[in-house]
Amino acid sequence: MPSVYTFMGRITLVLWTLIFGQPEHALVNANGDVVYLSDENFTYSEGKILHSNWNGESFDQTCTNLHGDTLFVLEDLNCSRFRNGFAEITHVERGISLISKYSHGVINSIGEIIVPPDYDDIMNSQPRTIFIAKEESDSLVHNWFVFNSAGQNLWSIEAQDLKGFYQERALIKQDNKYGYLNTRGEVAVDLQFEDASSFGTSVENLQSHVSPLARVKINGLWGAIDTSGKFVVPAQFDSLLAFHSEYAAFLKDGYWGFVDTTGFEIISARFKNVWFFTNELAAATHDGISWGYIDINGEWIIAPDFEETNFFVGGVAPVKINGTWGLINTSGKFLVPPKYSGIQHFNAPLINLFDGKAYDYCILVPGGSPIKFDLRINSIMDSDSYYSVMGWGLK
């Protein structure tokens with residue numbers, strides 16, 4: 001079945017609702033057992049269930065545990081998923097027109113407001129002990145406010161951009177140059193770069209993590225620095241991707257290779273395209289047509305026999321061969337045969353398989369076959385140690 005987030009998914013949801021009634025919402029474990037069931041939509045994170053309630057003018061949210069005990073209530077606020085004991089909150093101010101104003105803040109695990117919902121954006125940091133709030137202006141320069149986990153406003157600054165703290169460094173942009181601040185708001189690395197990244201990295205479908213190096217561009221070329229601003233990877237590449245699993249892909253003279261976090265070139269630039277390393281393997285193509293997987297020595301571990309590939313998550317990767325998709329393990333063995341027209345590969349072991357007519361929502365058991373949920377499911381999402389499911393026949 002198409003996902004509820006697509007146009008066809010919404011049409012399908014309406015039709016199924018007319019036939020079967022309002023959908024049910026549940027948390028299920030890796031075996032497909034229902035551990036929490038509700039007639040209303042909810043979100044789950046870090047042991048907390050958030051239910052939204054319309055009070056006639058706006059939405060309130062009630063936070064409970066899995067046993068249904070009320071932990072706190074948020075009035076006229078929307079709460080995102082909790083991460084490390086904190087969650088972003090949003091206040092929606094609806095005007096006469098269709099345009100609404102969104103203001104953001106932060107609460108802690110017991111519902112106390114740490115950063116009031118008065119700001120245009122909240123920047124995440126890691127660990128989540130410092131929060132950066134953005135107050136937009138009509139110019140390119142905005143006001144930024146830095147709070148600690150107790151809600152104290154530590155300092156503020158005017159800048160074009162300011163990212164979250166990772167490795168106690170925050171990426172800042174002023175006068176079209178990039179540099180880094182420390183947690184006291186002092187310049188730790190001079191603003192000298194044409195472009196740059198944070199020390200924290202985020203890759204789609206993978207959890208954010210802290211990188212020991214930040215990528216910077218100077219004199220038109222990319223390299224990587226440590227937190228003191230010293231170049232560990234000299235600025236010599238046309239492009240340098242994010243470090244993941246201690247390695248980063250670089251582009252030089254039209255070909256891709258890899259360096260490690262010491263600056264050593266572990267794989268020379270000889271591939272037409274690559275993905276990043278996960279599970280000690282990286283997808284690569286030598287001709288831009290056929291894809292396989294290489295190890296950190298640049299040797300083919302899984303032969304380049306595929307038309308398309310993706311990265312490994314939890315020892316599983318989707319690959320396309322002869323026009324259809326399947327799932328392989330790190331040995332190249334098919335765990336799910338290549339018979340699907342599409343795969344939505346979320347955070348394994350959660351896999352959505354599309355056969356051209358409907359989705360199979362399933363949990364993949366490492367080394368085995370997928371467990372298909374025998375339910376009329378319209379959507380499924382990863383929710384920490386459980387999976388949030390919306391569908392029919394869940395009771």
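## Quick word on the nonpolar core
The biggest cluster of nonpolar side chains holds 13 residues, and the ones touching the most others in it are Ile 132, Trp 144, Ile 157, Leu 162 and Phe 165. When contributions to this core are tallied by element, the ones reaching two or more residues are β12 (130-135), β13 (142-148), β14 (153-159), β15 (161-166) and β16 (169-174). Take this core: its biggest share by element is 3 residues, from β14. Here Trp 144 is in contact with Met 123, Ile 132, Ala 133, Lys 134, Trp 155, Ser 156, Ile 157, Glu 158, Ala 159, Gln 160, Asp 161 and Leu 162, once residues within four sequence places are set aside.

## Re the sheet that holds strand β26 (residues 247-252)
Spatially, β25-β26-β27-β28 is the arrangement adopted by the 4 strands of the open sheet, whose pairing is antiparallel. In this open sheet, the two edge strands, each paired with only one partner strand, are β25 (239-240) and β28 (265-271). Where β25 meets β26, 2 bridges bridge the pair, whose relative direction is antiparallel. Within β26, the residue paired with Ser 239 across the bridge is Leu 251.

## Focus on the pairing of β26
If you look at the hairpin formed by β25 and β26, you'll find 6 residues sitting between the two strands, and Ser 245 has a positive phi there, around 55°. Here β26 runs beside strand β27 (residues 255-260); their pairing, made up of 6 bridges, is antiparallel. Paired with Lys 252 across the two strands is Tyr 255, which belongs to β27. The loop that links β26 with its antiparallel partner β27 comprises 2 residues; one of these, Asp 253, has a positive phi angle of about 55°.

## Topic: the pattern of salt bridges
Taken as a whole and judged by the stated rule, the model has 5 salt bridges. Ionic pairing is found between Glu 186 and Arg 184, a salt bridge with its closest N-O pair at 3.0 Å. For Lys 320, the salt bridge goes to Glu 308, with nearest N and O atoms at 3.4 Å. Taken as a pair, Lys 320 in strand β34 (residues 317-321) and Glu 308 in strand β33 (residues 308-309) lie far apart in primary sequence, 12 residues in all. Residue class for Glu 308 comes out partly exposed when judged on its relative accessible area of 37%.

## Topic: unusual backbone geometry
A negative phi angle characterises most non-glycine residues, just as the trans form characterises most peptide bonds. Of note, Asp 76 is a non-glycine position whose phi angle comes to about 60°, a positive value. Among the structural elements, Asp 76 can be located in the loop between β6 (70-74) and β7 (78-79). The phi torsion at Asn 84 lies on the positive side, around 55°, for a residue other than glycine.

## Here we look at the confidence of the model for the chain
When pLDDT is averaged across the chain, the result is 84; 77% of the residues are at 70 or more. pLDDT under 50 marks residues 1-10. Its contacts with residues more than four places away, or in other chains, come to 27 contacts. The low-confidence segment residues 374-378, where pLDDT is below 50, has 23 contacts with residues more than four positions distant or belonging to other chains.

## Notes on the sheet that holds β14
Two orientations exist for strands paired in a sheet by backbone hydrogen bonds: parallel and antiparallel. One open sheet holds the 4 strands; their spatial order is β11-β12-β13-β14, and the pairing between them is antiparallel. Among the strands making up the open sheet, the edge pair consists of β11 (121-123) and β14. Each adjacent strand pair in this sheet contributes to an overall mean axis angle of 25°, direction not counted.

The rules we used
Residues numbered from 1 in each chain as written. Predicted model: local features only at pLDDT ≥ 70, side-chain atom pairs only at ≥ 80, totals over all residues. Heavy atoms only, no water. Core = buried A, V, L, I, M, F, W, Y, C linked by side-chain atoms within 4.5 Å. Buried < 20%, exposed > 50% of the residue type's maximum accessible area, 1.4 Å probe, protein only. Helix = DSSP H or I, 4+ residues; strand = E, 2+ residues; numbered from the N terminus. Contact = heavy atoms within 4.5 Å. Pairing = 2+ DSSP bridges. Salt bridge = Lys/Arg side-chain N within 4 Å of Asp/Glu carboxyl O. pLDDT = per-residue confidence, 0-100. Axes fitted to C-alpha atoms, helices over the stretch in contact; angles between N-to-C directions.

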